[in-house]
Amino acid sequence: MPFSVLDRPHYLRQLQQEMFDVLIIGGGITGVGIALDAASRGLRVALAEQHDFAFGTSSRSTKLIHGGLRYLKQLEFALVKEVGSERAVVHALAPHLVVPEKMLLPLYEKRGLGYWITSAGLKIYDLLAGVKREDQRKMLTRQVTLLQEPLLKPQDVKGGALYAEYRTDDARLTIEIAKRAVKEGAILVNYATVTDFLSSQGQVSGARVRDGESSETIDVRARVVVNAAGPWVDELRTKNNSLRGKTLHLTKGVHIVVPYHRLPVRQAIYFDVPDGRMIFAIPRGRTSYIGTTDTDYQGDKNDVRATLEDVRYLIQAVNETFPSVHLTVADVESSWAGLRPLIHEEGKSASELSRKDEIFESESGLISIAGGKLTGYRKMAERVVDRIVENLPDTSTSPCRTASLRLAESNLANAGEVNDFTARIADRAERLGLKGAAGTYLVHLYGQQADGILSLAESQASDDPEFKLTLAELAFALAEESVVHAEDFLVRRTGWLFFDIHRLMRSKDMVIEAMSKSLGWSPDRREEEMRRVERWIERSTRFEESEKKDETR
């Protein structure tokens, strides 16, 4: 089944005309994960997302499929075991997109955990997560730690550890899961807002949905409705008159991006700062990114951004740990801020709240899920679909099989095959005139789909290799990835806003012009699309003082 913006009217008609087994509200990784699981078990699935897929938390995480080492401190062994074990599963589903990454953990004389406690903790971590012997933690002497990362401030460093994690692109992972759900027969529509619930005999029986493009409203009927709206979960529970008992506690996490030459760390590094928080510094292509903060949030969920205090906090953390780099606010090229939809626990600060997911079911049958981590999306989805199946006893379904459903049309089995494929794509990109790390970029984002994108690029009538590649990526996204607005492509399908803002600035006019020709936009629509893109640029690059200074970051 195609997944193109040109097919949206057809999808909307299907939503209006059919009776679904399940309607999912929310197109983040939790929602699309549920859609894939349910559709692959044989259920008829619909999904409505008020913004774009991965608009919220699922494009603004630390972009790691990681086991949650810090949750050992909170004695959440079951959570560490589940998400730690899931890393290898998700890597196997998309080895180009979920990439093994050695993480350096420096240990200090006067703060953090001791050498032997850390060694024991990482050993437990490896055992719980089922880490292969060759990837298990390696404890380092002080001398080796400083050789491993010469930028570290040598004072007080007493050793270190290397352990296994996985790096990803959260928005790309979300869209690939969405595409696989569509392939399994689900109907997914972005820019479709649930305005109210439908009910029959006191039970939720669907939702009223407004199409953001036409402003038309349709009724979508379903036997079960799932609320997987992330930070917006409680808003939907309020519409359902079921907001009682446990509620959400939103916390904000900020990341900043600097040019790699300004923070040339040799590998990902996870370091603690004097206030007790742990911070990541992760190299990615031409940049390094740093995060995250952890502060309570009560602001606009549709416009979450980094404040000047957030940025200064992260810069100070970097400068204290890597004193020779002298980062300033002027070095920050971009940033993102996302919300964690955690479960409120009285008396606990933002950093102390559990990351475990929970499922709520209202008296009217609305199933809501909140909490959780990017890494655990598949198991969260499995638990929700198990609940759906319990509520549909007359429906025959197969067992969960998402552990074997490959993403991104991939036949690549492991990191070695990814590397071989990347070398072939790099040669092909070089023949097209693309320099630098074009092959790595294409394969990390698209996997084996990069072959088709390069074929599209070769057919473009232009002498500019980057121009040709941009048009090819856009054509692919329009045809295969439900791109409705220019921001969908520039922010979430490519990640340029965060990791290659200079390419975004060079390409935004061309992208809007090309989309206008493909989709028949009016001059007013083109101007509005540019305003939307400019708002994203402003949101990610302009930092203002917050009205209220947060106590915990």
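Calculation notes
- Numbering of residues starts from 1 in each chain and follows the order in which that chain's sequence is written.
- Residues qualify for local features only when their pLDDT is at least 70, as the model is predicted, and side-chain atom pairs are given and counted only at 80 or more; totals for whole chains, interfaces and linings, by contrast, use all residues.
- Hydrogens and waters are ignored; side-chain quantities use all the structure's heavy atoms.
- Aromatic pairing here means that ring centres of Phe, Tyr or Trp (its six-membered ring) are within 6.5 Å. Orientation follows from the plane angle: under 30 degrees is stacked, over 60 is edge-to-face, and everything else is tilted.
- Strands here mean DSSP runs of E at least two residues long; helices mean DSSP runs of H or I at least four residues long; both are numbered from the N terminus.
- When a residue's accessible area, from a 1.4 Å probe over protein chains only, is under 20% of the maximum for its type it is buried; when over 50% it is exposed; and in between it is partly exposed.
- A contact between two residues is defined here by any heavy atoms of the two lying within 4.5 Å.
- Polar contacts here mean pairs of N or O atoms no more than 3.5 Å apart (in protein, one a potential hydrogen donor and the other a potential acceptor; neighbouring residues in sequence count only if both atoms are side-chain atoms).
- Strand pairing requires that DSSP identify at least two bridges connecting the strands.
- Expected span of a helix: the number of residues minus one, times 1.5 Å.
- By nonpolar core is meant a set of buried Ala, Val, Leu, Ile, Met, Phe, Trp, Tyr and Cys residues that side-chain atoms within 4.5 Å join together.
- We define a salt bridge as a contact between a side-chain nitrogen of Lys or Arg and a carboxyl oxygen of Asp or Glu at a distance within 4 Å.
- Lines fitted to C-alpha atoms define the axes here, with helix axes fitted over just the stretch in contact, and angles between the N-to-C directions of these axes take values from 0 to 180 degrees.
- Crossing handedness is read from the near helix: turned anticlockwise from the far helix by less than a right angle, it gives a left-handed crossing, and turned clockwise, a right-handed one.
- Residues are grouped as follows: Ala, Val, Leu, Ile, Met, Phe, Trp, Tyr, Cys and Pro are nonpolar; Asp, Glu, Lys and Arg are charged; all remaining types, including Gly, are polar.

Caption draft 1: Representation of the packing of aromatic side chains within the structure. Under the counting rule described, the total for this entry stands at 11 aromatic pairs. The interplanar angle of 45° and the centroid separation of 5.7 Å between the aromatic rings of Phe3 and Phe53 together place this pair among those described as tilted. In this pair, Phe3 is assigned in the segment before helix H1 (8–17) and Phe53 in the loop between strand E2 (45–48) and strand E3 (64–65), connecting sequence segments 50 residues apart. Classification of Phe53 by relative accessible area gives buried; the value is 1%. An angle of 80° between the planes, with centres 6.4 Å apart, marks the rings of Phe498 and Phe499 as edge-to-face. By relative accessible area, Phe498 is classed as buried at 4%.

Caption draft 2: Representation of the environment of Val157. Counting through the fold element by element, Val157 comes out in strand E6 (residues 157–167). Expressed as a C-alpha distance, the spacing of Val157 and Glu216, which sit 59 residues apart in the sequence, is 61 Å. Other than its neighbours up to four places away in sequence, Val157 contacts Leu107, Tyr108, Arg142, Thr145 and Leu146.

Caption draft 3: Layout of the side chain of Thr193. Considering the arrangement of structural elements, one finds Thr193 in strand E8 (residues 192–200). The contacts of Thr193, once residues within four sequence positions are left out, are Gln50, Arg208, Val209 and Arg210.

Caption draft 4: Examining the environment of Ser40 more closely. Residue position: Ser40 is located in helix H2 (residues 29–40). Residue Ser40 is classed as buried on the basis of its relative accessible area, which comes to 5%. On a C-alpha basis, the gap between Ser40 and Ala186 in space is 8.8 Å, while along the polypeptide they are 146 residues apart. Residue contacts for Ser40: discarding those within four places in its chain leaves Glu184, Ser398, Arg401, Thr402 and Leu405. A polar contact is formed between the side chain of Ser40 and the backbone oxygen of Asp37, at a distance of 2.9 Å.

Caption draft 5: Up close: the pairing of strand E10 (residues 217–227). In this structure, strand E1 (residues 19–25) lies alongside E10, joined through six bridges in parallel fashion. Counterpart to Leu23 in the pairing with E10 is Val225. As defined by bridge partners, strand E9 (residues 203–211) adjoins E10 across five bridges and the pair is classed as antiparallel. If you follow Ala207 over to E10, its bridge partner there is Val220. Two successive antiparallel strands, E9 and E10, enclose a turn made up of five residues, where Ser215 displays a positive phi of approximately 65°. Relative to strand E18 (residues 367–370), E10 is paired through two bridges, and the arrangement is parallel. Within E18, the position partnered with Val226 by the bridge is Ile367.

Caption draft 6: Quick peek at helix H17 (residues 523–541). Over its 19 residues, H17 extends 27 Å from the first C-alpha to the last, a length consistent with the 27 Å expected when each residue adds 1.5 Å. In this structure, the buried side of H17 is in contact with strand E16 (334–343), helix H14 (486–493), helix H15 (496–499) and helix H16 (501–519).

Caption draft 7: The arrangement of the nonpolar core in detail. Of all hydrophobic cores here, the largest spans 157 residues; its most connected members are Ile34, Leu188, Val226, Phe322 and Ile388. Setting aside anything within four residues of it in sequence, one finds Ile34 in contact with Ile24, Val226, Ala228, Ile369, Ala381, Val384, Val385 and Ile388.

Caption draft 8: Molecular detail of the pairing of strand E12 (residues 268–272). Most of E12 is tucked away, with five of its five residues classed as buried. Side-chain alternation along E12 places Ala268, Tyr270 and Asp272 on one buried face and Ile269 and Phe271 on a second face that is also buried. Of the strand pairs in this sheet, E12 and strand E13 (residues 278–284) are connected by four bridges, and their pairing is antiparallel. Note on E13: the bridge partner recorded for Asp272 is Met278.

Caption draft 9: Structural view of the pattern of salt bridges. Counting across every chain of the model gives 52 salt bridges. Of the charged contacts, one joins Arg167 and Glu101 as a salt bridge, the two residues approaching to 2.8 Å between their closest N and O atoms. Of the two residues, Arg167 sits in strand E6 while Glu101 sits in strand E4 (residues 99–108), which places them 66 residues apart along the sequence. Each member of the pair, Arg167 together with Glu101, is buried. Through salt bridges with shared partners, a single network forms among Asp52, Glu487, Asp488, Arg492, Arg493 and Arg532.

Caption draft 10: Fine view of helix H4 (residues 115–129). With 15 residues, H4 should reach 21 Å at 1.5 Å per residue; the first-to-last C-alpha distance of 21 Å fits that figure. Taken residue by residue, H4 has Thr118, Ser119, Gly121, Leu122, Tyr125, Asp126, Leu128 and Ala129 as its buried positions. Close packing links the buried residues of H4 with helix H3 (77–93), E4, strand E5 (138–140) and E6. Just beyond H4, the residue with positive phi is Gly130, at close to 65°.

Caption draft 11: Summary view of the side chain of Lys252. With respect to the helices, strands and loops of the structure, Lys252 is situated in strand E11 (residues 248–259). Within the local environment of Lys252, its side chain forms a polar contact with the side chain of Asp310, the two groups lying 2.7 Å apart. Setting aside anything within four residues of it in sequence, one finds Lys252 in contact with Thr293, Asp294, Thr295, Tyr297, Val304, Arg305, Thr307, Asp310, Ala337, Gly338, Leu339 and Arg340.

Caption draft 12: Representation of the packing of H14 against H16 within the structure. Packing of H14 against H16 leaves a shortest axis separation of 9 Å and a crossing angle of 145°. As H14 packs across H16, the resulting crossing turns out to be right-handed. Here Ala486, Phe489 and Leu490 of H14 come into contact with H16, specifically with Leu504, Lys508, Val511, Ile512 and Met515. Within the contact of H14 with H16, the residues separate by chemical class into seven nonpolar, no polar and one charged.

Caption draft 13: Representation of unusual backbone geometry in the model. Following Gly291, the chain continues into Thr292 via a peptide bond in cis, with omega recorded as 20°. Tracing the sequence through the fold places Thr292 in the loop between strand E14 (287–291) and strand E15 (295–296). Residues other than glycine seldom take positive phi values, yet Tyr191 does so here, at roughly 55°. Within the element layout of this structure, Tyr191 appears in the loop between strand E7 (187–189) and E8. Judged by relative accessible area, Tyr191 falls into the buried class, the value being 7%.

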